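Spelled out, the chains give:
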Amino acid sequence: MECCGLLTAEKEPVPLKSIEVELEVRDHVATVVSTLSYENKEDKPLEAVFVFPLPGDAAVCHFSAQIGQTQIIAVVKEKQQAHEEYDDALSSGQQAFLLEESEQSPDIFTLSVGSLPPGESASVRLEYVTELAVQADDGLRFCLPAVLNPRYQPQGSGGASVQVTSVPASLVPYSLSFSVRVSSPRPVSKVESSSSLEPLQYLNTEQTQATVKLAAGHKFDRDVELLIYYKDAHQPTAVVEAGQASAEPGSLMGDPVVMLSLYPEFPQSVMSSLASCGEFVLLLDRSGSMGCPMSGGKQTETRIASARDTLMLLLKSLPMGCYFNIYSFGSSFQHIFPKSVEYSEKSLEEALKTVQAMQADLGGTEIIEPLKHIYSQPCIPNQPRQLFVFTDGEVCNTKEVINLVKKNSGSHRCFSFGIGEGASSALINGLAKEGGGHAQFITGSDRMQPKVMQSLKFSLQPAVKDISVKWDLPNIVSVTLLSPPITAIFQGQRSLIYAQLSGQSSNAAEGCVTVKYSLAGHPSENKLHFTLKPAEDTGLTVHKLGARTLIRSLEMDKGDGEGQCDEGVKEKVVELSVQSGVSSSFTAFIAVNKGNNEPIQGPLMRRNIPTPRNKLGSMPVLSWACFSIDSAPAVLVACKKGASSQAKSGGFFPGIKKKFQAVGKQKKSSLGMRAAPHQAPRQDGMSSSMYDSTYSSLGENDCTLSIQPPRDPLLQLVSLQKASGCWLLDPDLAAVLGKTSEEVENTKPPLVNQAVWATILALIWLHGFKMDAKEEWELLAMKAVSWLRAQNAPSKCVEAGNTLLGCNVQKDALGL
């Protein structure tokens, strides 16, 4: 047959024509409606299978299909039952539609459109709701994941793998349209995006409602990220939503549900004194995919290069008196020191030397083993452990990793960083949520450094302890919490609580919730009074989010230590998912068109719809995530002659393995780090071996043909600072300041110590020329000021420094 129309890389027609996304944002809650249009231009009936990413914390709550004039609304059923109904429908010639969440990672979904007859069109509509995360600058972040990168599946991890067909972003054979409507009690000041937007249109004079659209010609080389800003600061709010009239009173959907958004404010006296102790464990991903560019353009830094600069800045900003260690991982893992060491000039120099030599050369993404090793190390008394995880988040065993962090949450706080497009939101958010820390995403042209420094400031805040929530409600109203207990509170960051309210109350009744906690030994509390009168026009959004929250926490309740839920928990999740119409890992949406009277004739052809992925240099045109044996990439086809009879039982092709290792041999680690004892357990399984071979040969230079941009003068200055906080007077410092050594030395006031003079010049340069990046250098400047105070630095140095550098920085501004 002559192929025409939309084609995959294997020259198969693609039945997906377009995706239309409508986003409605109300304050900090987003409702997303996606419509996917399919058309079968072939002469045989088709089954189209589309694997795609969604935000990891989304509550998928509606799924329907339109065929001609007929609309079929899907219902949620237990996953095995849904699969059986789908297969039965297809085998009897009926049309059926199936939407299911991956059991390994809640941010991957599979949509199957079955028995689409020749020449027929169908549109599929799915809807989800999610809360928007608050950023450091008070913006609300929404991300529409467009990129699904190949995900590494470690050896021995359980569960069936998800087959994903992906092509380079430039070859995605369907279109995307994206429109946004924002409404809030507060005026909308601006909407920013990593993608091109049409101008913001206000719908009223108060500017509390606005619309914006994605500009035409969007390339699928990045997630669509939006940052929404309101004119007034975020305030604590409570939204009470009435129950569903048709649902049984006393049930989750029949009772009112309240959503509380709390923004705790800490006393300034506590916030001004950041901790000077702690054990800082930094865990860096060095898998092959970290060698790829941060964004799609030329002249862009690789992920590993940006991470190296960030680690340097982070290390320089650590307080004297703390302890630290650095781990890096791929298919194996390494650490710089056998155990965490005290922060000193010697240990800092050794760490920096090792960090600067780090490459993306360790193969796959085996994150479990280094985490286990970190948790096996005894904690240091009076040094609270803070774990920083840097990864591009391309792993399949997401739930297993998050469960491990949850199990050890009592011994540390975990701060996570998702690097590059396509990082798993489920992994990055899950690590921080279960580890009582904070999550950050670095995409496109974002600088990693300010986001990491914000998290470092959070980690230096005193840990909030003894958190309790007290409800004060009318006697006839009882409360059932849907959210897990709050485990972490940070200044300015939102804490969300969902709760079911049972019992009748008048619309005039009020409630109050009090959050009490201990901060640096001081008891504190925040109160929020709210009306019990249900809000209007919210639909069942709050109920869906509350159900999603309860489902996620139940799924995290494991019965066997391996992350597998026991049968009792599974039954609860299925019941709740079916009742609320919100998807879970144990259920699926199923719709069968029983109205088409004539069975569809002919053999059913399967078509995998490709998703976009980042440019990975020499990656095969088609790649599969979580590789399974029946979905080997096209690049392997030539090797199949050496296949053994083990293939069907899930074993690996030995012939392929040898050839792959010859082509993409993993480089030996460029560091003299201790790798040998920590090789992750290997088996002759396919997933990790293939990933190693594909990615490990993609070093930093292979993944991007761009020239590395010149080093930032700020980072050059930071690299010269000593562990104590001071700078030395040398030619390198003079060069960063834009002066000769003679100019710097000859203008030093008499009797002033050279290091004092150098440190004052560095601080004046930071305040005079780099105020736009203050959040990046603020902590190391505080350390420098503390050192200067200990030296009794004379004030005349500031005047002389201003004269030399052409600045007018006041002594008070420097903190002296």
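Residues numbered from 1 in each chain as written. Predicted model: local features only at pLDDT ≥ 70, side-chain atom pairs only at ≥ 80, totals over all residues. Heavy atoms only, no water.

Engineer: When you look at the pattern of salt bridges in this model, what are you seeing that I'm missing?
Structural biologist: Two side chains with opposite charge may pair up if their charged atoms get near one another. Across all of its chains, the model carries 18 salt bridges by this definition. A salt bridge links E778 to K457, with the nearest nitrogen and oxygen atoms 2.6 Å apart. Linking E778 in helix 18 (residues 774–791) with K457 in helix 8 (residues 448–460), this pair joins segments that are 321 residues apart in sequence. Among the ionic pairs, E555 bridges to R552, the shortest N-O distance being 3.1 Å. With E555 and R552 both in helix 9 (residues 541–556) and three residues apart, the pair spans about one turn of that helix. Three or more residues joined by partner-sharing salt bridges are found here, namely E101, R552 and E555. (Salt bridge = Lys/Arg side-chain N within 4 Å of Asp/Glu carboxyl O. Helix = DSSP H or I, 4+ residues; strand = E, 2+ residues; numbered from the N terminus.)

Engineer: It is not clear to me how the sheet that holds strand 9 (residues 121–131) should be interpreted in this structure. Could you clarify?
Structural biologist: Within a sheet, adjacent strands bond to each other through the backbone by hydrogen bonds, running parallel or antiparallel. Pairing is mixed across the open sheet formed by eight strands, whose spatial order is 5-4-9-2-1-13-16-15. Each edge of the sheet is formed by a strand with only one pairing partner; in this case those strands are strand 5 (70–73) and strand 15 (201–202). In this structure, strand 1 (residues 16–26) lies alongside strand 13 (residues 175–183), joined through nine bridges in parallel fashion. Residue pairing in the sheet places E20 in a bridge with S177 of strand 13. Docked against the sheet, helix 9 engages strand 2 (29–39), strand 4 (59–67) and strand 9, running at close to 80° with respect to strand 9. (Pairing = 2+ DSSP bridges. Contact = heavy atoms within 4.5 Å. Axes fitted to C-alpha atoms, helices over the stretch in contact; angles between N-to-C directions.)

Engineer: Just checking my understanding: could you explain helix 19 (residues 796–805) for this structure?
Structural biologist: In an α-helix, one turn spans 3.6 residues, which is why side chains three or four residues apart end up on the same side. Every buried residue of helix 19 is accounted for by C797, V798, G801, N802, L804 and L805. The buried residues of helix 19 occupy an angular sector of 165° when the element is viewed end-on, so they sit on one face. Away from the buried face of helix 19 by more than 90 degrees, exposed residues E799 and T803 are located. The inward-facing, buried residues of helix 19 abut helix 15 (731–737), helix 16 (741–746), helix 17 (754–769) and helix 20 (811–814). Looking one or two residues past helix 19, G806 carries a phi angle of roughly 70°, positive in sign. (Buried < 20%, exposed > 50% of the residue type's maximum accessible area, 1.4 Å probe, protein only. Arc of directions from axis to C-beta.)

Engineer: Explain the environment of I326 here, please?
Structural biologist: Among the structural elements, I326 can be located in strand 21 (residues 323–329). Looking at I326, the relative accessible area reads 0%, which means it is buried. Separated by twelve residues in the primary sequence, I326 and P338 place their C-alpha atoms 10.0 Å from one another.

Engineer: Hey, could you run me through the nonpolar core in this one?
Structural biologist: Within the largest apolar cluster, 79 residues are counted, with the highest numbers of intra-cluster contacts made by L315, L318, F388, F390, L456, W727 and L766. Counting residues per element, this core draws most heavily on helix 17, which supplies eleven residues. Beyond its immediate stretch of four places on either side in the chain, L318 contacts F280, F324, Y343, L456 and K783. (Core = buried A, V, L, I, M, F, W, Y, C linked by side-chain atoms within 4.5 Å.)

Engineer: Explain helix 8 here, please?
Structural biologist: For helix 8, built from 13 residues, the straight-helix expectation of 18 Å at 1.5 Å per residue is met to within 8% by its first-to-last C-alpha distance of 19 Å. Burial runs high along helix 8: twelve of the 13 residues are buried. Those residues of helix 8 that sit buried are M448, Q449, P450, K451, V452, M453, Q454, S455, L456, F458, S459 and L460. (Expected span 1.5 Å × (residues − 1).)

Engineer: For this particular structure, what's the right way to read the packing of helix 3 (residues 303–317) against helix 18?
Structural biologist: Angle between the axes and distance between the axes: these two values describe a pair of packed helices. Where helix 3 contacts helix 18, the axes come no closer than 8 Å and their chain directions differ by 30°. When the axes of helix 3 and helix 18 are compared, the pair comes out roughly parallel. For helix 3 against helix 18, the interelement crossing comes out left-handed. Counting all contacts with helix 3, which are made through L313, K316 and S317, the residues of helix 18 involved are E776, L779, L780 and K783. Among the residues making up the contact of helix 3 with helix 18, the classes are represented as three nonpolar, one polar and three charged. (Parallel < 35°, antiparallel > 145°, perpendicular 65-115°, else oblique. Left-handed = near helix turned anticlockwise from the far one by under 90°. Nonpolar A, V, L, I, M, F, W, Y, C, P; charged D, E, K, R; others polar.)

Engineer: Mind showing me how you'd approach the confidence of the model for the protein here?
Structural biologist: A low pLDDT score tells you not to read the predicted coordinates there in detail. Residue-level pLDDT values for the protein average 79, and 78% of them are 70 or greater. Within the model, pLDDT remains below 50 along residues 1–9, and this stretch shows 22 contacts once partners closer than five positions in the same chain are excluded. Overall, residues 615–707 carries pLDDT values under 50, and its contacts beyond four positions in sequence, including any with other chains, amount to 215 contacts. (pLDDT = per-residue confidence, 0-100.)

Engineer: Explain the side chain of S347 here, please?
Structural biologist: Summarising the element assignment, S347 is placed in helix 4 (residues 345–356). Judged by relative accessible area, which is 8%, S347 ranks as buried.

Engineer: Looking at this model, I keep getting lost on the environment of G806. Mind explaining?
Structural biologist: Turning to its location among the elements, G806 is positioned in the loop between helix 19 and helix 20. For G806, a relative accessible area of 64% corresponds to the exposed category. Sequence-wise, G806 and W765 are 41 residues apart; in three dimensions their C-alpha atoms are separated by 9.5 Å.

Engineer: For this particular structure, what's the right way to read the sheet that holds strand 19 (residues 257–262)?
Structural biologist: The antiparallel open sheet is built from four strands, whose spatial order is 18-19-29-28. Among the strands making up the open sheet, the edge pair consists of strand 18 (237–241) and strand 28 (478–481). The mean angle between the axes of side-by-side strands here comes to 25°, regardless of whether they run parallel or antiparallel.

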